[in-house]
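Per-entry structural report
Below are the chains, spelled out letter by letter.
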Amino acid sequence: MSELIAGVTQSLDQGEWTRRYTGALMNTFGPPQRVLVRGEGCYVWDADGNRYLDLLAGIAVNSLGHAHPTLTGAISAQLGTLGHVSNFFASPVQITLAERLTELTCAGPRPEAARVFLTNSGTEAMEAAVKLARRHGGADRPRILALEGAFHGRSMGALALTHKPAYREPFEPLPGGVEHLPFGDLRALEEAFAAPGQVAALVLEPIQGEAGVRPLPAGYLAAARELTTAHGALLILDEVQTGMGRTGTWMAHHHPQVGGGIVPDAVAVAKGLGGGFPVGALITLTEAAATLFQPGQHGTTFGGNPVAAAAALATIHVIERDDLLTQVTSTGEHLRTAVAGSDHPLVAGVRGAGLLIAVELAEPVAAAAAQAALRAGFIVNPVAPDALRLAPPYVLTTEQADSFVAALPQILNEAQQ
């Protein structure tokens, strides 16, 4: 097998790999910025041998970094035992993962009614959430509320929840019934529930990732829980990017200043759950949500397969064993403080929590800054014209974070030019 991989990753340069890429893959992402051939910890290397500090982690996915031995060992061991069985059957790792997810998603004791639907991705988890809302609402409750700036995925149901017109318009008409409310506007939320027509569900990201790492205002989630409960609607949280420890707690809504101890009806997770292996989940925490799907009403071929479940269990194990939630909190605070303390005129501020961070820029030069960072050996993301997103592995050290902070002034100087 090592010979096979060595044959695939033969010594071609960036230009040749890019030529082959454009001749073989659909143009859904544009040309690749680099062709990466290996990774270790928080670093990756491209086809020309250049090393980069990965401060994006595959867009908040590689929570344990690259090639973590516990994760790779668990995947190899499971694949060598039982790889795929279909959901006509169950496996011990699938059941154990579901139990662990219901425990970790709750800020308090695990509700007896909690149940899990395992998927392959965050988009699939949100697609399941849309169907859950439809099952709850039926014809009498046709409305689903989301927020301006929301990103919930690109499949048709999830895309209906996503707000950005550039993503939506090429595929309209989308599934109906979704209304987008002004971000963080509590009065608008109250008016939406007071308007004629029953609401089936309210779907929220505790921190909007693709909109530029924008946290909901303090008290908003608590008010949302009160309104949804009073009007018989589901409260569904999209923690695909923020969940599984990314913000320093297992779920972003566990922070007292964010969720205030609420219990949502359903939570979607993915990204960091498998440490790089494709896996996601829709976790229902209330009986009203957990009993909606019946046999045949939803399904998946690969969701919950033993290898994905083993990867997720290994990722959870390492986070707990190595106390990575504490490291996420401390390293994230260190990084945010250091960047905010920069006296560069382009640094307008920092927002986020844990290791989900946006560097606010005084000018719309984020794309140029990301390219300058890449040339300097750092992978970051221009999540908005005036913001750089950092979502590094949880194992990032303060020394590695400081190397980026030290390089940031020159990166921003190049961006201005």
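Below or above, wherever it landed, is the structure these notes cover. Within each chain, residues carry numbers counting from 1 in the order of the written sequence. With the structure being a predicted model, the display of local features is reserved for residues of pLDDT at least 70 and the display and counting of side-chain atom pairs for 80 or more, all residues being used for whole-chain, interface and lining totals. Note: side-chain values were computed over all heavy atoms of the structure, leaving out hydrogens and water.

Glancing now at the overall build of the protein. Secondary structure elements are taken from DSSP: a helix is a run of H or I of four residues or more, a strand is a run of E of two residues or more, and numbering for both begins at the N terminus. The helix and strand inventory of the protein stands at 16 helices and 17 strands. Computation of the radius of gyration draws on C-alpha atoms alone. For the globule rule, the value is 2.2 Å times the number of residues to the power 0.38. A globule of 417 residues ought to have a C-alpha radius of gyration of about 22 Å, and the protein, at 21 Å, matches this closely. C-alpha atoms of the protein, sized along the principal axes, occupy 60 × 55 × 45 Å. Only protein chains enter the calculation, and the probe is 1.4 Å; a residue is then buried if its accessible area is under 20% of its type maximum, exposed if over 50%, and partly exposed in between. The proportion of buried residues among the 417 residues of the protein is 50%. The contact criterion used is simple: two residues touch if any of their non-hydrogen atoms lie within 4.5 Å. Once local pairs closer than 6 in sequence are excluded, the contacts in the protein between residues at least 24 apart make up 70%.

Below, the discussion takes up the side chain of H152. Note that H152 resides in the loop between β5 (143–147) and α7 (156–161). Residue H152 is classed as buried on the basis of its relative accessible area of 3%. When neighbours within four sequence positions are excluded, H152 is seen to be in contact with T123, M126, A158, L161, T162, V203, L204, E205 and D238.

Attention shifts here to the nonpolar core. Only buried Ala, Val, Leu, Ile, Met, Phe, Trp, Tyr and Cys residues count toward a nonpolar core, and they belong to the same one when joined by side-chain atoms within 4.5 Å. Grouped together as the largest cluster of nonpolar side chains are 53 residues, with contacts concentrated most on L189, L204 and M244. Considering every element that reaches this core, the biggest residue donor is helix α13 (residues 306–321), with ten residues. Judged by nonpolar contacts, the second largest core, of 31 residues, contains L53, L55, V339 and L408.

Looking now at the packing of helix α9 (residues 186–194) against helix α10 (residues 220–230). Orientation of α9 relative to α10, taken along the N-to-C sense of each, is 10 degrees, at an axis distance of 11 Å. With respect to α10, the axis of α9 lies roughly parallel. The segment α9 lies against α10, with L186, L189, E190 and F193 engaging Y220, A223, A224, L227 and T228. Here an axis means a line fitted to C-alpha atoms, over the contact stretch when the element is a helix, while the angle between two N-to-C directions is reported on a 0 to 180 degree scale. Small angles under 35 degrees read as roughly parallel and large ones over 145 as roughly antiparallel, with 65 to 115 read as roughly perpendicular and the rest as oblique.

DSSP bridges decide pairing: two strands pair if at least two such bridges lie between them. Examined bridge by bridge, strand β16 (residues 381–384) and strand β17 (residues 387–390) share two bridges and lie antiparallel to one another. Note that in β17 the partner of A384 across the bridge is A387. In this antiparallel pair of consecutive strands, β16 and β17, the connection spans two residues.

The interhelical angle for the contact between helix α4 (residues 69–79) and α13, taken along N-to-C directions, is 150 degrees, at an axis separation of 9 Å. Viewed along their axes, α4 and α13 adopt a mutual orientation that is roughly antiparallel. Taken as a pair, α4 and α13 cross one another with a handedness that is right-handed. Listed contacts from α13 to T70, L71, A74, I75, Q78 and L79 of α4 are P306, V307, A310, A311, A314, T315, H317, V318 and R321. When the near helix sits turned anticlockwise from the far one by under a right angle, the crossing is termed left-handed; a clockwise turn instead gives a right-handed crossing.

Helix length check: helix α16 (residues 398–416) (19 residues) gives 27 Å between terminal C-alpha atoms against 27 Å at 1.5 Å per residue, within 8%. If you look at α16, its biggest bend is around 40 degrees, right at L408, and the proline P409 turns up within four residues after that. Within α16, the full set of buried residues consists of Q400, A401, F404, V405, A407, L408, I411, L412 and A415. The span you would expect from a helix comes to 1.5 Å times its residue count less one. Bend at a given residue is defined as the angle between two axes, one fitted to the seven residues that end at that position and one fitted to the seven that begin there.

For N27, the location among the structural elements is in the loop between α2 (14–24) and β1 (36–40). According to the relative accessible area criterion, N27 is exposed, its value standing at 68%. What qualifies as a polar contact is a pair of N or O atoms within 3.5 Å, subject to a donor-acceptor requirement within protein and to the restriction that residues adjacent in sequence count only when both atoms come from side chains. Only 3.4 Å separates the side chain of N27 from the backbone nitrogen of G30, close enough to count as a polar contact.

Any pair of Phe, Tyr and Trp rings, taking the six-membered ring for Trp, is counted once the centres come within 6.5 Å. Such a pair is stacked with planes under 30 degrees apart, edge-to-face with planes over 60 apart, and tilted for the rest. Scanning the model with the defined rule gives two aromatic pairs in all. Between the aromatic rings of F151 and Y167, the centroid separation amounts to 5.7 Å while the plane-to-plane angle is 75 degrees, which identifies the pairing as edge-to-face. Taken together, the positions of F151 in the loop between β5 and α7 and Y167 in helix α8 (residues 165–168) put the pair 16 residues apart, joining distant regions of the chain. When the centroid spacing of 5.6 Å and the interplanar angle of 70 degrees are considered together, the rings of F378 and F404 count as edge-to-face.

The next point concerns the sheet that holds strand β10 (residues 234–238). Read from one edge to the other, the open sheet built from seven strands follows the order β4-β12-β11-β10-β7-β5-β6, with strand pairing classed as mixed. Where the open sheet ends on each side, the last strands, each with one partner, are β4 (115–119) and β6 (178–181). Taking the axes of each pair of neighbouring strands and ignoring which way they run, one obtains an average angle of 20 degrees across the sheet.

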